[in-house]
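Here's the letter readout for the chains.
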Amino acid sequence: MVEAALFAGPALRRLRKRESLTQAAAAARLGISPSYLNLIERNQRPISARVMVQLVEQFDFDPRSLREDEAIGGIEGLARRLADERFADLGIDREEAHEFLASAPQVAAAFARLYDTAGPIGSVANDPLAASRREVERWRNHFADLDTAAEELADELRLSRGDIGVALTERLRERHQLAVRILPRDVMPDSLRRLDLHARQVQLSEMLSIPSRNFQLALQIANLEFADLVDSVAKGAKFEEETARALFARHLNGYFAAALLMPYSRFLRACEATGYDLPLLERRFGVSFEQLAHRLTTLQRVGQRGLPFFMVRLDRAGQFSKTFAGASTARFIDSAVSCPLWHAHRAFNRAGELQVQLVAPDNTGDRDGGWLTMARTVEGSGSPGDAQFVVAIGVEAVLAEDLAQARGVSLRSDNAQPIGPGCAACHRIRCSQRSLPPVGRKLIFDRSRRGITPFELEDVNQ
């Protein structure tokens, strides 16, 4: 695999100024010509391996500082912020965002910090849930240490196609002297799981499905045996309040539990062997559709990468209660609401049926070619019939050709359904589903005719 060229002109320029060196003096210490150094500082030449070695030797330079853009999620994180509806009228495309990050990474980081403090429209500054989600995004929802620890434990327990619940129950009994007891709903009306140390029991609600019971047992093992590992990751995050850190730690515990039920190498092999066949993977690993969707966003181990899926969970009002972009470039899922033209909404009326659709997001700078999305209803944990959501996953169409669920589906971009980031942020004209006018877009009025939508937009392309 060809490695991407490393352009780090601003970092090199800051280093030279810190040392109070002219370009000629710095070039002499690096063993290159001043003109070549000038090209490097202007990002017109990449830093070669030889120059990197000289930087380390001459200036005690830490190469990790060149990854400063990771703090804001790289180009994907910056582009997501610039896709905010407040900037919609500026027409900022991906190339401009890339130039901004490459030429002025510190300024880009300052913009990101200011944006994150202010938050999207309608959000509360310093929202702990938003802060936790940003930290998950910074990691791209892949935590290698947790994956390794979970995989080692799975091998120790020999979790395979057998009864996972039995293996987890035996672990709790042998290692922690805890029995697992299923209790009636009227005994645990408001709880899914409870640790009763006096009775030496892990108590589970009878309302949990088998996959949810197994997940809760795996979660209990994570809390008992891997709290230090989870805390070490959580403490490395920079949060302004402990609520955000607690939410992030809760996510990490859930991550470990899913990794225990679906050990990385075994799970990835199964994905590749079956063409990521979703129903088959659910049965093989004894997990729910939502658990499976979570896991598909995490497959980013170096040298062992899976397809870059995103995952969202939404309610009937179109609100996202979960969003995980993983390693994907999907930014349309960062909107506060979703587009009604997306078949994820149709899934509510077709419970249990997988809705497969090729969509082409508008106004977000996503790559051409569209996204293959798959959505299905799920019920709230421990409350069948009381709470219903839809979980949707997606992957770029160019990567979806061999997927089991793509069979019989046209992946041609001209067959994709255009969708927007909610009406208030969507600038697509002539949409019969439009409910609100877009922010920052000029409306047109014609007394001699009435269009098919209540709001007609000026076509800026004409």
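In the annotation of an unreviewed UniProt entry, the entry for the chain reads Short-chain fatty acyl-CoA regulator family protein, and the organism field reads Qipengyuania pacifica. Per UniProt, the chain has the following entry under Sequence similarities (unreviewed entry): "Belongs to the short-chain fatty acyl-CoA assimilation regulator (ScfR) family."

Of all five residues making up strand E6 (residues 310-314), five are buried, and the element is well covered by its neighbours. Residues of E6 alternate between two faces, with Phe310, Val312 and Leu314 on one and Met311 and Arg313 on the opposite face, all of them buried. When E6 meets strand E7 (residues 320-324), the two strands line up antiparallel, connected through four bridges. By the bridge assignment, Arg313 is partnered in E7 with Lys322. A loop of five residues connects E6 with E7, the two strands running antiparallel in sequence, and Gly318 in this loop sits at a positive phi of about 85°.

Now for the nonpolar core. Ranked by internal contacts, the top residues of the largest apolar core, which has 69 residues, are Leu168, Phe248, Tyr276, Leu296, Phe309 and Leu403. A total of eleven residues in this core trace back to one element, the largest contributor, which is helix H13 (residues 242-261). Non-local contacts of Phe248, meaning those with residues more than four positions away in its chain, are made with Ser132, Glu135, Val136, Trp139, Phe143, Val233, Ala234, Ala237 and Phe239. Among the nonpolar cores identified, the runner-up in size contains 18 residues, and Ile333, Trp342, Ala347 and Val390 belong to it.

On to the pairing of strand E8 (residues 355-361), then. Of all seven residues in E8, five are buried, a share of seventy percent or more. Note: E8 against strand E9 (residues 371-379), five bridges, orientation antiparallel. For Gln355, the partnering residue across the bridge sits in E9 and is Ala375. In this sheet, strand E11 (residues 417-419) lies alongside E8 in parallel orientation, the contact comprising three bridges. Along E11, the bridge assignment pairs Pro361 with Ile419.

This part takes up the sheet that holds strand E3 (residues 201-205). Taken together, three strands build an open sheet; the order of strands is E1-E3-E2 and the sheet is mixed. Looking at strand neighbours, the two that pair on one side only are strand E1 (179-183) and strand E2 (193-196), the edges of this open sheet. Pairwise comparison of adjacent strand axes, ignoring direction, gives a mean angle of 25° for this sheet. Across four bridges, the pairing between E2 and E3 is antiparallel. The partner of Leu195 across the bridge, within E3, is Val202.

With respect to the element layout, Thr373 can be found in strand E9. Within the structure, the side chain of Thr373 is placed 3.1 Å from the side chain of Trp342, a separation counted as a polar contact. Excluding its chain neighbours within four sequence positions, the residues that come into contact with Thr373 are Phe310, Trp342, Gln355, Val356, Gln357, Val359, Ile393 and Gly394.

Here is what the cut-offs are and how they apply
Residues numbered from 1 in each chain as written. Predicted model: local features only at pLDDT ≥ 70, side-chain atom pairs only at ≥ 80, totals over all residues. Heavy atoms only, no water. UniProt positions renumbered as here; feature names shortened; annotations may be inferred. Buried < 20%, exposed > 50% of the residue type's maximum accessible area, 1.4 Å probe, protein only. Helix = DSSP H or I, 4+ residues; strand = E, 2+ residues; numbered from the N terminus. Pairing = 2+ DSSP bridges. Core = buried A, V, L, I, M, F, W, Y, C linked by side-chain atoms within 4.5 Å. Contact = heavy atoms within 4.5 Å. Axes fitted to C-alpha atoms, helices over the stretch in contact; angles between N-to-C directions. Polar contact = N/O pair within 3.5 Å; in protein donor to acceptor, adjacent residues only side chain to side chain.

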